[in-house]
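# Structure at a glance
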Amino acid sequence: MKIASWNINSVRARATIVERFLTEEAPDVLCLQETKAANDVFPCDLFHRLGYVHQQLNGQRMHHGVAILSRVPLADSGSHDWQDNGEARHVGARLPGGLRIENVYVPAGGDVPDRRLNPKFGQKLDFLERMTRWSEGLSEPTVIVGDFNVAPLECDVWSHKALLDVVSHTPIEVETLGRLQAAHGWVDLGRQFIPAPARNYTWWSYRSADWTKNDRGRRLDHMWCSPELAGQATGHAVHEPCRAWEKPSDHVPLVVEFAL
């Protein structure tokens, strides 16, 4: 089972590179975040043409939005409102064999890392806490993927010192994400296959004139699995070249493979 995850930053605007990625990599399942498309305008036909005929969408006009596109059947789909305001940030389904796939887009949290001054930051922390409560009750093998908008390790950012007070790498976000990971014993597949402190980035800002030269990346995108699945994971890849494709997302896709 080959599962891909990608914050695409508008699926309609980047349909060309989505098609290229699916043609070249051919994952069984693709999880997209930040699709920026309501369900009725999502480009379903594109994915049907490529063989991804099983689709679970949770879209929202102009903002947010997540989708699971699959070559294999999807069952028992559903979504959680971990933002507690109706935003389309999660969709999940069951894959053949009983494996759950959960696709999540955690809020970015604004620019000021203080919930008193910036309500968006508080909403982000609360979102992660709701995910933690959910994780505590899991009883089936699960893979959770997506844009978590937190780079937890010092080596997950281009400069730990420079970003300590920058949203996505602040101590309170790292601690909150750590509680989420501990709640189910989630295994971080990115670091299982690319052990710290090896370089492992998934996002580079559009603001950089030359992202390859500055290489000011962060590991904001993650793939985690239940402890019992970790031994069945056979590979993990960060498709960094996609950041240089025409009209790219600021995130790159991740791929994990399981021998199920």
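Conventions we followed
- Residues numbered from 1 in each chain as written.
- Predicted model: local features only at pLDDT ≥ 70, side-chain atom pairs only at ≥ 80, totals over all residues.
- Heavy atoms only, no water.
- Salt bridge = Lys/Arg side-chain N within 4 Å of Asp/Glu carboxyl O.
- Helix = DSSP H or I, 4+ residues; strand = E, 2+ residues; numbered from the N terminus.
- Buried < 20%, exposed > 50% of the residue type's maximum accessible area, 1.4 Å probe, protein only.
- Expected span 1.5 Å × (residues − 1).
- Arc of directions from axis to C-beta.
- Polar contact = N/O pair within 3.5 Å; in protein donor to acceptor, adjacent residues only side chain to side chain.
- Contact = heavy atoms within 4.5 Å.

## Side note on the pattern of salt bridges
Applying the stated criterion to the full structure yields 20 salt bridges. A salt bridge links arginine 94 to glutamate 140, with the nearest nitrogen and oxygen atoms 2.6 Å apart. Placement of the pair is arginine 94 in strand 6 (residues 90-94) and glutamate 140 in the loop between helix 3 (119-136) and strand 8 (142-147), with a sequence separation of 46 residues. Given a relative accessible area of 22%, arginine 94 falls into the partly exposed group. A residue is classified by how much of its surface remains accessible, and glutamate 140, at 25% relative accessible area, is partly exposed. A salt bridge links glutamate 240 to arginine 199; the nearest nitrogen and oxygen atoms lie 2.9 Å apart.

## A short note on helix 5 (residues 171-184)
Taking 1.5 Å as the rise per residue, helix 5 with 14 residues should run 20 Å; its terminal C-alpha atoms sit 21 Å apart, in good agreement. Turning to helix 5, its buried residues are Glu173, Thr176, Leu177, Leu180 and His184. Along helix 5, the residues classed as buried sweep out an arc of 95° about the axis, all on the same side. Backbone geometry just downstream of helix 5 places glycine 185 in the positive-phi region, at approximately 65°.

## Topic: unusual backbone geometry
Residues alanine 196 and proline 197 are joined by a peptide bond in cis, for which omega reads 10°. Mapped onto the elements of the fold, proline 197 is located in the loop between helix 6 (189-193) and strand 10 (203-204). A positive phi angle, close to 55°, is found at glutamate 34, a residue other than glycine. Relative to the helices and strands, glutamate 34 is located in the loop between strand 2 (29-33) and helix 2 (44-49). Under the relative-accessibility criterion, glutamate 34 is labelled buried at 14%. Backbone geometry at aspartate 76 places phi at a positive 50°, although glycine is not the residue there. With respect to the helices, strands and loops of the structure, aspartate 76 is situated in strand 5 (residues 75-78).

## Quick look at the side chain of threonine 170
Considering the arrangement of structural elements, one finds threonine 170 in the loop between helix 4 (160-163) and helix 5. Residue threonine 170 is classed as buried on the basis of its relative accessible area, which comes to 4%. A polar contact is formed between the side chain of threonine 170 and the side chain of glutamate 173, at a distance of 2.6 Å. When neighbours within four sequence positions are excluded, threonine 170 is seen to be in contact with Pro113, Phe121, Leu164 and Asp165.

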